[in-house]
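Residue-level listing of the chains:
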Amino acid sequence: NGKINIAIDGPAGAGKSTVARRVAEALSYVYVDTGAMYRAATWYLMKHEVLPEDVQEVLQHVPKMVIELKPDPSGQKVICNGVDVTAEIRSLDVTGNVSRYASIAGLREHLTSGQRRMAECKGVVMDGRDIGTTVLPDAELKVFMTASVKERALRRFKELREVGITLEQLERDIAARDKLDEDREVSPLRRSEDAIMLDTTHMDIEEVVDTIVSYCKTAI
Ligand code: C5P
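Source: prediction; values computed, not measured.

1. A short note on the sheet that holds strand 7 (residues 141-146)
Taken in spatial order, the five strands line up as 2-6-1-7-8 in an open sheet, and their pairing is parallel. Strands at the two margins of the open sheet, each flanked by one partner only, are strand 2 (30-33) and strand 8 (196-199). Neighbour to neighbour, the strand axes of the sheet diverge by 20° on average, direction disregarded. Pairing geometry for strand 2 and strand 6 (residues 124-128), over four bridges, is parallel. Counted as the bridge partner of Y31 is V125 from strand 6. Seen against the sheet, helix 1 (residues 16-27) touches strand 1 (5-9), strand 2, strand 6 and strand 7 and runs at an angle of roughly 175° to strand 6. Contacting strand 2 and strand 6, helix 2 (residues 34-47) runs over the sheet at an angle of about 40° to strand 2.

2. Looking at the site of the ligand
Taken together, 16 residues lie around the ligand, and R39, R108, D130, R177 and D181 are the ones closest in. T34 places a side-chain nitrogen or oxygen 3.0 Å from a nitrogen atom of the ligand. Take R177: an N or O atom from its side chain is 2.8 Å from an oxygen atom of the ligand. In the complex, the protein chains occlude 97% of the 460 Å² of accessible area that the ligand would expose alone. Residue assignment for the shell around the ligand shows that the elements contributing at least two residues are helix 2, helix 4 (92-101) and helix 8 (167-183). When residues of the shell around the ligand are assigned to their parent elements, the largest contribution, four residues, is made by helix 2.

3. Topic: the UniProt feature "binding site: ATP" (unreviewed entry) in the protein chain
When the UniProt feature table is mapped onto this chain numbering, "binding site: ATP" (unreviewed entry) sits at G10, P11, A12, G13, A14, G15, K16, S17 and T18. Following the sequence through the fold, G13 ends up in the loop between strand 1 and helix 1. Given the relative accessible area of 10%, G13 is considered buried. The contact partners of G13, leaving out residues within four places of it in the chain, are R152, R155 and R156.

4. Quick word on the layout of surface pockets
To find the voids left in a structure, one rolls a probe of water-molecule size over its atoms. One number sums up the size of the second largest pocket: a volume of about 290 Å³. The wall of the second largest pocket is formed by 16 residues, among which V30, Y31, P71, G75 and Q76 lie closest to the centre. Counting residues per element, the ones that place at least two in the lining of the second largest pocket are helix 1, strand 2, strand 3 (67-72) and strand 4 (75-80).

5. Section: the packing of helix 7 (residues 149-160) against helix 8
Axis separation between helix 7 and helix 8 bottoms out at 9 Å; the angle between their running directions is 120°. On the basis of their axis angle, the class for helix 7 and helix 8 is oblique. Crossing geometry of helix 7 relative to helix 8 is assigned as right-handed. Residues V149, K150, R152, A153, L154, R156, F157 and L160 of helix 7 form the contact with helix 8, whose own contacting residues are L167, L170, E171, I174, R177 and D178. In the contact of helix 7 with helix 8, the residues fall into eight nonpolar, no polar and six charged.

6. Some words on empty space enclosed by the protein
Using the criterion set out here, one finds one cavity of 30 Å³ or more in the structure. Taken as a whole, the largest cavity spans an internal volume of roughly 40 Å³. What lines the largest cavity is A7, D9, G132, T133, K142, V143, F144, R190, R191, S192 and A195. Of all elements in the fold, only strand 1, helix 6 (131-135) and strand 7 reach the threshold of two or more residues within the lining of the largest cavity. When residues of the lining of the largest cavity are assigned to their parent elements, the largest contribution, three residues, is made by strand 7. Here the lining of the largest cavity is composed, by residue class, of four nonpolar, three polar and four charged.

7. Let's talk about the sheet that holds strand 5 (residues 83-84)
Reading across the sheet, the three strands line up as 3-4-5 and stay open at both edges, with antiparallel pairing between neighbours. Taken across any chain shown, the strands that pair with only one partner, and hence form the sheet edges, are strand 3 and strand 5. Strand direction decides the pairing type here: strand 4 and strand 5, joined by two bridges, are antiparallel. Counted as the bridge partner of C80 is V83 from strand 5.

Rules used throughout
- Residues numbered from 1 in each chain as written.
- Predicted model: local features only at pLDDT ≥ 70, side-chain atom pairs only at ≥ 80, totals over all residues.
- Heavy atoms only, no water.
- Pairing = 2+ DSSP bridges.
- Helix = DSSP H or I, 4+ residues; strand = E, 2+ residues; numbered from the N terminus.
- Axes fitted to C-alpha atoms, helices over the stretch in contact; angles between N-to-C directions.
- Contact = heavy atoms within 4.5 Å.
- Near = heavy atom within 4 Å.
- Polar contact = N/O pair within 3.5 Å; in protein donor to acceptor, adjacent residues only side chain to side chain.
- Areas by Shrake-Rupley, 256 points an atom, 1.4 Å probe, with all protein chains shown as cover.
- UniProt positions renumbered as here; feature names shortened; annotations may be inferred.
- Buried < 20%, exposed > 50% of the residue type's maximum accessible area, 1.4 Å probe, protein only.
- 1 Å grid on protein atoms, 1.4 Å probe; cavity = no way out; pocket = protein on both sides within 12 Å on 5 of 7 lines; lining within 4 Å.
- Points joined across faces, edges and corners; volume = space filled by probe spheres on them.
- Parallel < 35°, antiparallel > 145°, perpendicular 65-115°, else oblique.
- Left-handed = near helix turned anticlockwise from the far one by under 90°.
- Nonpolar A, V, L, I, M, F, W, Y, C, P; charged D, E, K, R; others polar.

So, in structure tokens, the structure goes:
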């Protein structure tokens, strides 16, 4: 079908999901937000009062978790075992705990195999932390998107204005989540050797989208 797979990785708050969604729109590709899947798993495990330290119990729940991403005019709906969790998975509670559950190998394997299935027919833009390194090592185009911690905190701050969290707190939270994601043993956040590094600190969304779409044209 002439389509390729595009992997977009990078740290929290770099704008990956906004950009990935727009790139998918521009190319008529399917957007897959893998962070939403880790968030849905976190929501599910927290609802069942399973702690991330309790790996055995987490692993007992893993096969029972069915996480679906459904296209929706307002973006993408996230469904976990039939429940629409699109809003809940963005809560501070889920955000604050997701990296701890995401370090569990058995949980990652479960979500990774679902992600690979979604990309089998090509034409997917997938964003996350380990897409280029682990989930889709054969993706035809890999981009590692970053921005300074300060800039990423500022972008989140503008999104979250009403929640009453300070910019300094956001900066600390983002740095802490990056550290957990970079230091974990399984599929840590790192740039795949063949990924194009894109520092977006001084770029707006439009520019980033156009840049990735132009990379895509040369990758085909
Ligand atoms: O992208 P987002 O910020 O929604 O991701 C939430 C968390 O999910 C990340 O901080 C990371 O711990 C985890 N994650 C992951 N691997 C992915 C995507 C997300 O470990 N491919």
